[in-house]
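Chain by chain, the residues:
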Amino acid sequence: MSKALIAKAEAQGNHLELGELISLLNLTDQEALDELWQAADRVRAKEVGEDVWLRGLLEFSNFCHCQCEYCGIRADNRSITRYRMTEDEILAAAREISAAGIGTIVLQSGEDAWWTGDRVARLISRLKIEHDLAITLSLGDRTKDELLLWRSAGADRYLLRFETSNSALYAKFHPDSTLATRLNTLAELKSLGYDVGSGCLVGLPGQTTRDLALDLLLGRDLELDMFGVGPFIPHPDTPLGGCPQGSTEMTYKMVALARLVMRNVHIPVTTALATLDADGREKGWQRGANVVMPNATPPPYRQQYELYKNKRCIDDTLKHCRGCLGGRIARIGRQVGQGQGGSLRKAGRTNE
Ligand code: SAM
């Protein structure tokens, strides 16, 4: 039974139905899981090739006016030190990303009103003048005018997870917004021509396997360029601090199924997964993923961008990470992607 379902997922995973996805997410038999990983790896090789793309992640502000119940930088958490990098600090970090041979900078922050539309636009323009970097923004829900301004200034991509496709669960954990708002922002990003990344958390309290299967179907229907899945990791100074963490095995199943369902999408191994599993990067790349986001945030800020505790590689320099990741990628027989590694969906890339 599971053999036939995995074969269908490999041949035409974009046609899997809800019940079939739930059955696949419920697999526990080791032999069947190995088959699932191998199917995802074959589809990864066929659809996106052997490159593993590096994206330099710069967490440039941890100010946030939101109260997401799982997030360590939520407004109410007084136990962290708040910071906001200056434009010059950001440009210096971008130079390090370029010097490391990485083709993309990911500018991520909390929802920080100090970074107005104009300030972000000016930063994007300066980055574009000084560097040949693709610019990915991850600044949360912003207005259509701001998204347009930043696109015109040169921003290429935007990451905005929908977190969960269950609107009741979304409302429970995000007092400041609704799932409909997130989905509307995602639609606006697409209409403005951004490459769009989204994704979900695994293991939110109350989340069911059915919810996760629906997350995969939503990801498919949104026709995304990137899809990220990370386990929820409780932060002690948040309302969900006492809840159990998300399962790494379920996260791997979501990565593998995201590959089988969404085919030529970019899929990162998330820092949260690597934090819970020391071999998480290699396993993720061999179970469907093709991206990793080394941390380019300089100390002491990177320690202060505390979404959860004990983040993997928190004290390593970008130069060290670049070398370490290159070695890990080579050891599994893959290669570091050269250039910016844009949307494969838009390029219609296939190795067939
Ligand atoms: N403010 C932007 C936004 O909302 O998209 C970007 C910053 S937000 C901190 C980036 C991501 O961190 C979220 O999409 C969420 O999935 C993840 N995150 C936050 N807290 C987490 C936790 N405790 N465990 C795992 N992931 C977490």
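See the structure above.
About the criteria used
Residues numbered from 1 in each chain as written. Predicted model: local features only at pLDDT ≥ 70, side-chain atom pairs only at ≥ 80, totals over all residues. Heavy atoms only, no water. Near = heavy atom within 4 Å. Polar contact = N/O pair within 3.5 Å; in protein donor to acceptor, adjacent residues only side chain to side chain. Areas by Shrake-Rupley, 256 points an atom, 1.4 Å probe, with all protein chains shown as cover. Nonpolar A, V, L, I, M, F, W, Y, C, P; charged D, E, K, R; others polar. Pairing = 2+ DSSP bridges. Helix = DSSP H or I, 4+ residues; strand = E, 2+ residues; numbered from the N terminus. Axes fitted to C-alpha atoms, helices over the stretch in contact; angles between N-to-C directions. Contact = heavy atoms within 4.5 Å. Core = buried A, V, L, I, M, F, W, Y, C linked by side-chain atoms within 4.5 Å. Buried < 20%, exposed > 50% of the residue type's maximum accessible area, 1.4 Å probe, protein only.

Quick notes on the site of the ligand
Residues in contact with the ligand amount to 18 residues; listed here are only the nearest, Tyr70, Arg161, Glu163, Arg182 and Ile233. Arg161 is positioned such that a nitrogen or oxygen atom in its side chain is 2.8 Å from an oxygen atom of the ligand. Between the ligand and Ile233, the relevant distance is 2.7 Å, taken from a nitrogen atom to a main-chain nitrogen or oxygen of the residue. In isolation the ligand offers 560 Å² of accessible surface; the protein chains occlude 92% of this area. The residue inventory of the shell around the ligand, partitioned by class, reads 10 nonpolar, four polar and four charged.

Overview of the sheet that holds strand β5 (residues 157–159)
Pairing is parallel in the open sheet, where six strands are placed in the order β2-β3-β4-β5-β6-β7. Edge positions in the sheet fall to β2 (56–61) and β7 (226–231), since each of these pairs with one other strand and no more. The average undirected angle you get between the axes of adjacent strands in this sheet is 20 degrees. Contacting β5 and β6 (195–202), helix α8 (residues 179–191) runs over the sheet at an angle of about 155 degrees to β6.

Some words on unusual backbone geometry
The linkage connecting Pro299 with the following residue, Pro300, adopts the cis geometry, with an omega of 0 degrees. By secondary structure assignment, the location of Pro300 is in the loop between β9 (291–292) and α13 (301–304). In the Ramachandran plot, Asn310 falls in the positive-phi region, its phi being about 60 degrees despite a non-glycine side chain.

Here's the deal with the nonpolar core
In terms of nonpolar packing, the biggest core is built from 102 residues, with Leu107, Leu137, Trp150, Tyr194 and Phe227 touching the most fellow members. The element that contributes the greatest number of residues to this core is helix α10 (residues 248–262), accounting for 10 residues. Aside from chain neighbours lying at most four places away, what touches Trp150 is Thr116, Gly117, Val120, Ala121, Ile124, Leu137, Leu139, Arg142, Ala155, Tyr158 and Tyr194.

A few points about the sheet that holds strand β8 (residues 268–269)
Within a beta sheet, neighbouring strands are joined by backbone hydrogen bonds and run either parallel or antiparallel to one another. If you walk across this open sheet you meet the four strands as β8-β9-β1-β10, and the pairing is parallel. Each of the sheet's edge strands pairs with one partner strand only, and the pair in question is β8 and β10 (335–336). Bridging between strand β1 (residues 51–54) and β10 involves two bridges; their strand directions are parallel. Considered in β10, the bridge of Asp51 is made with Gln335.

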